[in-house]
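Residue-level structural notes
Here is how the chains run, residue by residue.
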Amino acid sequence: MQKLAELLKAKKLKVTPQRLAIFNMLYNTTSHPSAETIYKSLQETHPTMSLATVYKTLDALQKAGLIQQLNVGEDSFRYDANVSSHPHVICLECNRVFDLESDILNDLRSKVASNTDFDLISEKVYLYGTCPECKESMKEE
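As a starting point, this report considers the structure included with it. Bear in mind that the values here come from a model prediction, so they are computed numbers and not experimental data.

**A look at the packing of aromatic side chains**
- Under the defined criterion, the tally for this structure stands at 1 aromatic pair.
- Ring centres of Phe-23 and Tyr-27 lie 5.9 Å apart, and the angle between their planes is 65 degrees; this geometry places the pair in the edge-to-face category. Of this pair, Phe-23 and Tyr-27 both sit in helix α2 (residues 17–27), 4 residues apart, roughly one helical turn.

**Side note on a nonpolar patch on the surface**
- A surface patch of nonpolar side chains, amounting to about 360 Å² of accessible area, comprises Leu-108, Val-112, Phe-118 and Leu-120.
- Within the secondary structure, Phe-118 is located in the loop between α5 (106–116) and β5 (126–129).

**Some points on unusual backbone geometry**
- For Lys-12, which is not glycine, the phi dihedral falls at a positive 60 degrees.
- By the secondary structure assignment, Lys-12 is in the loop between α1 (2–10) and α2.
- Positive phi is not limited to glycine here, since His-32 has a value of about 55 degrees.
- The topology assignment puts His-32 in the loop between α2 and α3 (35–42).
- Looking at His-32, the relative accessible area reads 1%, which means it is buried.

**Details of the sheet that holds strand β4 (residues 97–99)**
- Across the sheet, which stays open at both edges, the 3 strands sit in the order β4-β3-β5 with mixed pairing between neighbours. Because the sheet does not close on itself, it has two edges, and the strands there are β4 and β5. Sheet twist, expressed as the mean angle between neighbouring strand axes with direction ignored, is 25 degrees.
- In the sheet, strand β3 (residues 88–91) pairs with β4 via 3 bridges, with the strands oriented antiparallel. Counterpart to Val-89 in the pairing with β4 is Phe-98.

**Considerations on the packing of α2 against α3**
- It is at 11 Å that the axes of α2 and α3 come closest, and there the two elements cross at 110 degrees. Classified by the angle between their axes, α2 and α3 sit roughly perpendicular to one another. Taken as a pair, α2 and α3 cross one another with a handedness that is right-handed. In this structure, α2 contributes Ala-21, Ile-22, Met-25 and Leu-26 to the contact, and α3 contributes Ile-38, Ser-41 and Leu-42.

Thresholds applied
Residues numbered from 1 in each chain as written. Predicted model: local features only at pLDDT ≥ 70, side-chain atom pairs only at ≥ 80, totals over all residues. Heavy atoms only, no water. Phe/Tyr/Trp six-rings, centres within 6.5 Å; stacked < 30°, edge-to-face > 60°. Helix = DSSP H or I, 4+ residues; strand = E, 2+ residues; numbered from the N terminus. Patch = residues over 30% accessible without salt bridge, like charges linked within 9 Å, V, L, I, M, F, W, Y side chains within 5 Å. Areas by Shrake-Rupley, 256 points an atom, 1.4 Å probe, with all protein chains shown as cover. Salt bridge = Lys/Arg side-chain N within 4 Å of Asp/Glu carboxyl O. Buried < 20%, exposed > 50% of the residue type's maximum accessible area, 1.4 Å probe, protein only. Pairing = 2+ DSSP bridges. Axes fitted to C-alpha atoms, helices over the stretch in contact; angles between N-to-C directions. Parallel < 35°, antiparallel > 145°, perpendicular 65-115°, else oblique. Left-handed = near helix turned anticlockwise from the far one by under 90°. Contact = heavy atoms within 4.5 Å.

The structure is reproduced here in structure tokens:
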């Protein structure tokens with residue numbers, strides 16, 4: 001938690017129990033939760049925290065560059081504490097979001113840069129399909 005508090009301070013964000021809890025939850029998961037999921041998961045330990053506080057904190061963390069917001073085509077955004085540029089793959093059956101290694105995109109980045117003469121600074125890549133677990137359960141039906 002001390003490391004997370006230092007990251008907040010370095011970005012000139014006030015360190016509050018709510019911010020620490022939300023940032024810690026995101027920092028220690030790869031599940032890419034929504035604000036509502038974060039809110040529900042922290043209810044037991046932070047019963048007075050409101051959903052509005054979760055949204056405000058996520059906005060502050062995103063603006064500070066500590067998390068990224070993912071728009072994977074649902075009614076709400078998902079959040080990721082891994083702010084390095086990396087693609088995501090989304091299962092259309094269970095709606096889980098998985099990280100892919102960023103080196104998968106290196107060839108694509110260089111091709112786009114050479115074909116368009118763009119100086120690329122970032123990208124968001126979402127790939128959609130069916131995860132292995134859902135494929136397996138579909139076979140069993």
